[in-house]
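Structural features, examined
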Amino acid sequence: MYFFYVLSKADGYYIYLETSTGGTGYKARLESPSLTGSNKYCLEFYYHMYGATMGTLNVYAKTTSLGSAIWTKTGDLGDRWILAQVPFKTSTTTKIVYEAVRGTSFTSDMALDDVGIVSGDCPVRGVDDCDFENTALCGYTQDLNDDFDWTRRSGSTPSARTGPSVDHTLGTATGSYMYTEVDKIPAGSIARLNSVSLNPAEWGQSLCWTFHYHMYGSDIGTLNVRESGNPTALWTRSGDFGNSWYTGQFHTDRSDSFTVTFEVITRGGEYGDIAIDDVSFVNGVCSDVEGSCDFEIDKCVWSNSYNDDFDWIRHSGQTSTGGTGPGIDHTTKTTQGYYLYIEANSATVFGMNALLLSAPIQPDSNHECMQFWYNMYGDDIGSLRVYATRDLTNPYSETELLWGRFGEASVTQNEWLEGRVPLNSSYLYRVSVTSVSLLRMTAH
């Protein structure tokens, strides 16, 4: 027999499957007390499935027999707790059964926590931080007065040469996102996805929103973000940006309740799937110019590349290795202020690189110069370079080197130096900041 175990970690408890013993496909089951009568319920729980050989977690509503699973997940979903909400109905005595199925090796421990069953419909969760991993979609709903619908999906979209193959949250084919399937949809058709009604008394009046979007294909139309009661789009993009996820940001400032809408307008043709993922908001004001960022709240529209060796890290205070990196940021000049840096101890081989990418930048008067502050202090500093890529649809497009420094540049540990880069492109482009390790540097 295979067992779930209870484990305490930092004084908190959860239940998990220990897979250092047993074989592929071994199962452990955990049963709830009986639910009686006819009723509608919502099962809520957090689950953790992290490991290279992760197996499967199933949930059953057992009556006289186990029956078919009412919920299932398979594979490595990253080192994080994920909320699940599973609606189900009972007409007779029922038990909820959690079944963990071991993967092919010992790196398939899975865990459960905060399990609950409530009567009625599932409550709306994750309004302010939605990754679409849950079928409840954080309360987002299809508009009833548009032409076609958004769809929740994992993996590639049905049409080739358009749409993402992985989600943004996990970067895998098991993660979920929302997209519009445009094959056989006429040009000019509209699909709208609406948020729940947001009350400023609960969420705050001034909100900075961040989301991730994917616009890949020769027939890509337009993605707009709108708020109720405002005829002008808060954010808009059109056309093919290549097979990448990008970060978008917009600001709402409302004293009354409102909804936010993601709107797609088709161009016509089968290669025009548009997707969104990881929609979130925080109290505060976004930068007036998309691309500007002090990193005090998050990374704004900048993101780490999936195609590099290690990542840029948002951090405050002294970095973990002595004798290199700053102790304060440039914005606030305190240990509480945030900046981005690379931890070169993560680089195990000389020449490994960390790539920080901007969202696509529209050529206009707001984007004529890029100013930044950087810290390069330490004996083993490598290089810091800024590039521009102008053909976003071509993964092999050449990049133009705009600026670069090599070796130690900061005289003292907390010296931040100014960098300036002219941006005079007349075409849509993307900026990338690349650090190549000797061993470590920071940039802000």
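Residue numbers restart at each chain and count upward from 1, following the sequence in its written direction. Residues qualify for local features only when their pLDDT is at least 70, as the model is predicted, and side-chain atom pairs are given and counted only at 80 or more; totals for whole chains, interfaces and linings, by contrast, use all residues. Excluded from the side-chain calculations are hydrogens and water; all other atoms, namely the structure's heavy atoms, are used.

Observations concerning the overall build of the chain
- A run of H or I in DSSP becomes a helix once it reaches four residues, and a run of E becomes a strand once it reaches two; helices and strands are each numbered from the N terminus. Along the backbone of the chain there are one helix and 30 strands.
- If one aligns the C-alpha atoms of the chain with their principal axes, the spans along those axes are about 70 × 55 × 45 Å.
- Here the chain, with 444 residues, has 49% of them falling under the buried criterion.
- Contacts are assigned to residue pairs with any non-hydrogen atoms lying within 4.5 Å of each other. In the chain, 78% of the contacts between residues at least 6 apart in sequence involve partners at least 24 apart. Summary of the burial criterion: residues with accessible area below 20% of their type's maximum are buried, those above 50% are exposed, and those between are partly exposed, where the area comes from a 1.4 Å probe applied to protein chains only.

Observations regarding the packing of aromatic side chains
- Any two rings among Phe, Tyr and Trp, with Trp reduced to its six-membered ring, count as a pair given centres within 6.5 Å; such a pair is stacked if its planes are under 30 degrees apart, edge-to-face if over 60, and tilted if neither. Taken as a whole and judged by the stated rule, the model has 27 aromatic pairs.
- Taken together, a centroid distance of 5.1 Å and an interplanar angle of 70° make the contact between Tyr374 and Trp403 edge-to-face. With Tyr374 in strand 25 (residues 369–375) and Trp403 in strand 27 (residues 399–406), the pair connects residues that are 29 residues apart, well separated along the chain. Assigned by exposure class, Tyr374 and Trp403 land together as buried.
- Linked through ring pairs, Phe132, Tyr140, Trp203, Trp209, Phe211, Tyr213, Trp235, Phe241, Tyr246, Phe250, Phe262 and Phe281 together constitute an aromatic cluster.
- Sitting over the ring of Tyr338, Arg314 keeps its end group 3.8 Å from the ring centre. A ring has a charge above it when a Lys NZ or an Arg CZ is no more than 6 Å from the ring centre and no more than 35 degrees off the ring normal.

Notes on the environment of Tyr338
- Of note, Tyr338 is situated in strand 23 (residues 338–342).
- Put simply, Tyr338 and Ser316 are 22 residues apart on the chain and 4.5 Å apart in space, counted from C-alpha to C-alpha.

Things to note about the sheet that holds strand 8 (residues 95–101)
- Only strands joined by at least two bridges in the DSSP assignment are considered to pair. With respect to topology, four strands assemble into an open sheet ordered 3-8-5-6, the strand pairing being antiparallel. Strands with a single pairing partner mark the edges of an open sheet, and in this sheet they are strand 3 (27–31) and strand 6 (69–74). Strand-to-strand twist in this sheet, taken as the mean axis angle between neighbours without regard to direction, amounts to 15°. Angles run from 0 to 180 degrees between N-to-C directions of axes, and those axes are lines fitted to C-alpha atoms, restricted for helices to the stretch in contact.

Considerations on the pattern of salt bridges
- Salt bridge criterion: a side-chain nitrogen from Lys or Arg within 4 Å of a carboxyl oxygen from Asp or Glu. One pass over the structure, following the stated rule, counts 13 salt bridges.
- Among the salt bridges present, the one from Lys62 reaches Glu31, with a minimum N-O distance of 3.0 Å. With a gap of 31 residues between them, Lys62 in strand 5 (residues 56–62) and Glu31 in strand 3 connect regions that are remote in the sequence.
- For Lys62, a relative accessible area of 26% puts it in the partly exposed group.
- Salt-bridge contacts for Asp131 lead to Arg80; the nearest nitrogen and oxygen are separated by 3.2 Å. Of this pair, Asp131 sits in the loop between strand 10 (129–130) and strand 11 (141–142) while Arg80 sits in the loop between strand 6 and strand 7 (82–90), and the two are 51 residues apart along the sequence.
- Under the relative-accessibility criterion, Arg80 is labelled partly exposed at 24%.
- When salt bridges with common partners are traced through the structure, they connect Glu31, Lys62 and Lys95 into a single cluster.

Description of the state of the cysteines
- Put simply, a disulfide is two cysteine sulfurs that come within 2.5 Å. Going through the model one piece at a time under the given rule, you end up with four disulfides.
- Across the disulfide from Cys130 sits Cys138; the S-S distance is 2.1 Å. Taking the torsion about the sulfur-sulfur bond, which here is approximately 90°, the covalent link between Cys130 and Cys138 counts as right-handed.
- Looking at Cys130, the relative accessible area reads 0%, which means it is buried.
- With its sulfur 2.0 Å from that of its partner, Cys208 forms a disulfide with Cys286. Across the S-S bond linking Cys208 and Cys286, the dihedral sits near 115°, which makes this disulfide right-handed. Pair noted here: Cys208 is in strand 15 (residues 206–215) and Cys286 is in the loop between strand 20 (274–283) and strand 21 (303–304), with a separation of 78 residues, a long-range link. Each member of the pair, Cys208 as well as Cys286, carries the same accessibility label: buried.
- Cys369 takes part in no disulfide bond, and the closest cysteine sulfur, belonging to Cys293, lies 17 Å away.

Considerations on the sheet that holds strand 17 (residues 235–238)
- The antiparallel open sheet is built from five strands, whose spatial order is 11-14-19-16-17. Strands at the two margins of the open sheet, each flanked by one partner only, are strand 11 and strand 17.

Brief notes about the pairing of strand 18 (residues 245–253)
- In terms of residue burial, strand 18 counts as a mostly covered element, since seven of its nine residues are buried.
- Both strand 15 and strand 18 contribute to a ladder of nine bridges, which runs antiparallel. Bridged to Phe211 within strand 18 is Gly248.

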